[in-house]
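Chain and residue survey
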Amino acid sequence: MARELASLLAAAPVITLPIVRLVQRAMLPRSSAVQVAEVFMSGLLKANRKTASKNENPERLAYQLVDEEARSLLLEDLPTIDGVIVIEKVSNYVAKQLGKTLEEFSVLLRTPATGDETFAETQFLQAFAKVTASVLRSFGGELAAIADQLAPSPVESTVEPDPWATLALTEREYEVAEIVSFPPLQDFEYEVVEIEAVLERFEFEAATVDIRLIFPSKLLEPLNVQIERRQAASWGYSEPLSDEVNLDMVAIPAGRFQMGAPESEPESLSRERPQHEVAVQRFYCGRYPITQAQWRIVVGYQKVERELRADPSGFKGDERPVENVSWEDAVEFCKRLSQQTGRIYRLPSEAEWEYACRAVVSDQLSVNSEQLRLEEWNERFCQPFHFGETITTDLANYDGNYTYNDGPKGEYREETTGVGQFPANAWGLHDMHGNVDEWCEDDYHDSYKGAPTDGTAWVESDRSETRRVLRGGSWCSYPRNCRSAVRDFNTRDYFFNSVGFRVVCDPPRTLLGS
């Protein structure tokens, strides 16, 4: 495992102890301090002499590989997708530490030198670009072509640069500077243009429900649920998995929302609270849960870490969602798809899933006070389902023998249904309520106390015994368990015929900027 850790660190343009721990959590959660010690004692790393002469705190020392030959040997064992993920994780971490969005961080990195006062910073970024180009070239293909663009013109000076000394940062910011290990983001802008150029228009039917009393008292007559249907459209792209099968990905806008359920929501649970505002970055979300046809194709792609069953589903049908898949299976699917396509596919964070399900942003709120914003959100936008106050089996696949919030009873199909059979939400996502439970990246926590507010997954440093989050409910769920805010969980190796998943994809800006 120490060799795996060393290979992952070879993809990082600079190495510090915070980065080592970041890579461990993201890529090798079962590794420990023992493997870190093995890597540091192996002779593969050497301390940056500039930082070593200034710092006694090991957290603020920067390290580098002894030479490029060692890097090349280590990268031979590293899957391409893992190398790109290392870059992605570090960039996200650095942006957060600097208190900036990825867009702001991108601007900071691509600001050209205008004089001697920016010389050190420019040298700092060029050093990252040089190492990153070396890593990308080792992977070959399109990444090697991209690497050729990571060669900024050197800044001429007769003074030996010390990028750590002249960045004029506070002590806290100085620590941040030492963990920056990401190249200038503008070098990958053309990928953003390429993706935007192939965006497609997805047309769909959306629906909302409205509960109305036929008579003044519902003791006289049951509630009348009116379903209002409308045609709408969203934008996204189709990833070709084969000559015949595509994966539709819908563009989800950046925004803020109040995550969780208010105490006033019928049949809600304490695990869905406290409500808290979350800022979510732009991403692409699967239009549907992964189907059995899509699963079979991706299973045929090159293995990354583990074997996958070619036909695990109990309810057969190419257009039905794949089920009987574990969290570990879903992660392997994402890695194979990423390796094949060159894009980063992954499971959604729990926050991303709920944000995409609700399809409403709190940027529309008219007040700034945190408490008033929550009150206005709950009054104007917070509904149990993206359809509205209740749900019917005309709108989703669940156990219709049971009702929610005075809604009607309906059909219990006792099996999955083909994806896209029911109306979508306002952003064009289908089957967010019912059909199959969907895995998220997060470890399960009993409440939202301490939860991230930036839309990222809530992941523990040691994931060996943690349970994983499931969202959305399934064909066999009571309607209350299909709500937007409901949270379920199970072990990472659990599978059942009601459990599937959908994937998300980060725009290129989260890899290398936009």
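A closer look at the overall build of the protein chain
Helices and strands together make up the secondary structure of the protein chain, namely 16 helices and 14 strands. Within the protein chain, the fraction of its 514 residues that count as buried is 54%. For the protein chain, the share of sequence-separated contacts (at least 6 apart) that also reach a separation of at least 24 residues comes to 72%. When the accessible area of the protein chain is evaluated, it comes to approximately 22600 Å², of which 48% is carbon and sulfur surface.

Notes on the nonpolar core
In this structure, L5, L8, L9, I15, V23, V39 and L75 are the most contacted members of the largest nonpolar core, which totals 37 residues. Those elements that provide at least two residues to this core are α1 (2-9), α2 (17-27), α3 (33-41), β2 (63-65), α5 (68-75), α6 (80-97) and α8 (119-139). Other than its neighbours up to four places away in sequence, V23 contacts L5, L8, L9, L28 and V86. Listed in part, the 30 residues of the second largest apolar core include A351, V361, C440 and W458.

Observations concerning the pattern of salt bridges
Taken as a whole, this structure holds 29 salt bridges when the rule is applied. Notably, a salt bridge pairs D318 with R296, separated by 2.4 Å at the nearest N-O pair. With D318 in the loop between α12 (292-299) and α13 (327-341) and R296 in helix α12, the pair connects residues that are 22 residues apart, well separated along the chain. On the accessibility criterion, R296 (35% relative accessible area) is partly exposed. With a shortest N-O distance of 3.5 Å, R320 and E415 are connected by a salt bridge. Of this pair, R320 sits in the loop between α12 and α13 while E415 sits in the loop between α15 (370-380) and β10 (437-443); the two residues are 95 residues apart in sequence, bridging distant segments of the chain. Bridged by salt links that share partners, the residues E350, E354, R358, R471 and R487 form one connected network.

Points about the side chain of S338
Locating S338 in the fold gives a position in helix α13. S338 sits in the buried class, given a relative accessible area of 3%. A polar atom in the side chain of S338 sits 3.3 Å from the backbone oxygen of R343. Among the polar contacts listed, one links the side chain of S338 to the backbone nitrogen of Y345, at a separation of 2.8 Å.

Here's the deal with the environment of R463
Along the chain, R463 turns up in the loop between β10 and β11 (468-471). For R463, a relative accessible area of 6% gives the class buried. Setting aside its immediate chain neighbours within four residues, R463 contacts P29, W327, E441, D442, D443, R468 and R492. Engagement of the side chain of R463 in a polar contact is seen with the side chain of D443, the distance being 3.0 Å.

Looking at α13
Compared with an ideal rise of 1.5 Å per residue, which puts 15 residues at 21 Å, α13 spans 21 Å between its outermost C-alpha atoms and is within 8% of the ideal. The buried fraction of α13 amounts to 12 of the 15 residues, a majority that puts the element mostly inside the structure. Of all the residues in α13, the buried ones are W327, E328, D329, A330, V331, E332, F333, C334, K335, R336, L337 and S338. Between the side-chain oxygen at the start of α13 and the backbone nitrogen of E328 there is a gap of 3.4 Å, and the oxygen is on S326.

With respect to the environment of G472
Positionally, G472 belongs in the loop between β11 and β12 (488-490). Classification of G472 as buried rests on a relative accessible area of 2%. When the C-alpha positions of G472 and G434 are compared, they lie 5.9 Å apart, and in sequence the two are 38 residues distant. Once residues within four sequence positions are removed from consideration, G472 is found in contact with W353, M432, H433, G434, D437, N481 and C482.

A short note on the packing of aromatic side chains
A full pass over the atoms with the stated rule returns 13 aromatic pairs. Judged by centre distance (5.0 Å) and plane angle (80°), the rings of Y237 and Y284 are edge-to-face. Of this pair, Y237 sits in strand β4 (residues 224-240) while Y284 sits in strand β8 (residues 283-286), placing them 47 residues apart in sequence. Assigned by exposure class, Y237 and Y284 land together as buried. Taken together, F257, Y355 and W427 form an aromatic cluster joined through their ring pairs. One Lys or Arg, R309, reaches over the ring of F495 and ends 4.7 Å from the middle of that ring. Sitting above the plane of the W327 ring, R468 keeps its charged end 4.2 Å from the centroid.

A short note on the packing of α12 against α13
The interhelical angle for the contact between α12 and α13, taken along N-to-C directions, is 65°, at an axis separation of 9 Å. Between α12 and α13, the interaxial angle falls into the category roughly perpendicular. Here α12 and α13 pass one another in a crossing that is left-handed. Judged by residue contacts, Q294, W295, V298 and V299 of α12 engage D329, F333, R336 and L337 from α13. For the contact of α12 with α13, the per-class residue count stands at 5 nonpolar, 1 polar and 2 charged.

A short note on unusual backbone geometry
Here the bond from R273 into P274 is cis, since omega is 0°, no more than 30 degrees from zero. Residue position: P274 is located in the loop between β6 (255-259) and β7 (276-280). In the Ramachandran plot, A359 falls in the positive-phi region, its phi being about 60° despite a non-glycine side chain. Along the polypeptide, A359 turns up in the loop between α14 (350-358) and α15. Note on A359: relative accessible area 10%, which makes it buried. One non-glycine residue, D406, lies in the positive phi region at around 65°. Residue classification places D406 among the partly exposed residues on the basis of a relative accessible area of 41%.

Things to note about the sheet that holds β12
Strand pairing within a sheet occurs via backbone hydrogen bonds; the two strands may be parallel or antiparallel. With mixed pairing, the 4 strands of this open sheet are ordered in space as β12-β11-β10-β13. The open sheet has two edge strands with one neighbour each: β12 and β13 (499-500). Pairing of β10 with β13 involves 2 bridges; the strand directions are parallel. Looking across to β13, one finds that E438 is bridged to G500.

Cut-offs and rules
- Numbering of residues begins from 1 in every chain and follows the order in which that chain's sequence is written.
- In keeping with the model being predicted, local features are shown solely for residues with a pLDDT of at least 70 and side-chain atom pairs are shown and tallied solely at 80 or more, while totals for entire chains, interfaces and linings include all residues.
- Hydrogens and water molecules were not included; the side-chain quantities draw on all heavy atoms of the structure.
- A run of DSSP states H or I qualifies as a helix once it reaches four residues; a run of E qualifies as a strand once it reaches two. Both are numbered from the N-terminal end.
- Partly exposed describes any residue whose relative accessible area lies between the buried limit of under 20% and the exposed limit of over 50%, with all areas from a 1.4 Å probe on protein chains only and scaled to the type maximum.
- Any two residues whose heavy atoms approach within 4.5 Å at even a single point are treated as in contact.
- All accessible areas in this document rest on Shrake-Rupley with a 1.4 Å probe, and a residue is counted as covered only by the protein chains that are shown.
- The criterion is simple. A nonpolar core is a set of buried Ala, Val, Leu, Ile, Met, Phe, Trp, Tyr and Cys residues joined through side-chain atoms within 4.5 Å.
- A carboxyl oxygen of Asp or Glu within 4 Å of a side-chain nitrogen of Lys or Arg is what we treat as a salt bridge.
- Polar contacts, as used here, are pairs of N or O atoms within 3.5 Å; protein pairs need one atom able to donate a hydrogen and one able to accept it. Residues neighboring in sequence count only if both atoms are side-chain atoms.
- To estimate how far a helix should extend, the number of its residues minus one is multiplied by 1.5 Å.
- Pairing of aromatic rings covers Phe, Tyr and Trp, the last counted by its six-membered ring, and requires centre-to-centre distances within 6.5 Å; plane angles under 30 degrees mean stacked, over 60 mean edge-to-face, and any other angle means tilted.
- Look at NZ for Lys and CZ for Arg. If either is within 6 Å of the ring centre and within 35 degrees of the ring normal, a charge sits over the ring.
- Axis lines are fitted through C-alpha atoms, for helices just across the contact stretch, and the angle between N-to-C directions can take any value from 0 to 180 degrees.
- Any angle between 65 and 115 degrees counts as roughly perpendicular, while under 35 counts as roughly parallel, over 145 as roughly antiparallel, and the rest as oblique.
- Crossings are assigned a handedness: left-handed for a near helix turned anticlockwise from the far helix by less than a right angle, right-handed for a clockwise turn.
- In this classification, Asp, Glu, Lys and Arg are treated as charged, Ala, Val, Leu, Ile, Met, Phe, Trp, Tyr, Cys and Pro as nonpolar, and every other residue, Gly included, as polar.
- In this analysis, strands are considered paired if DSSP registers two or more bridges between them.

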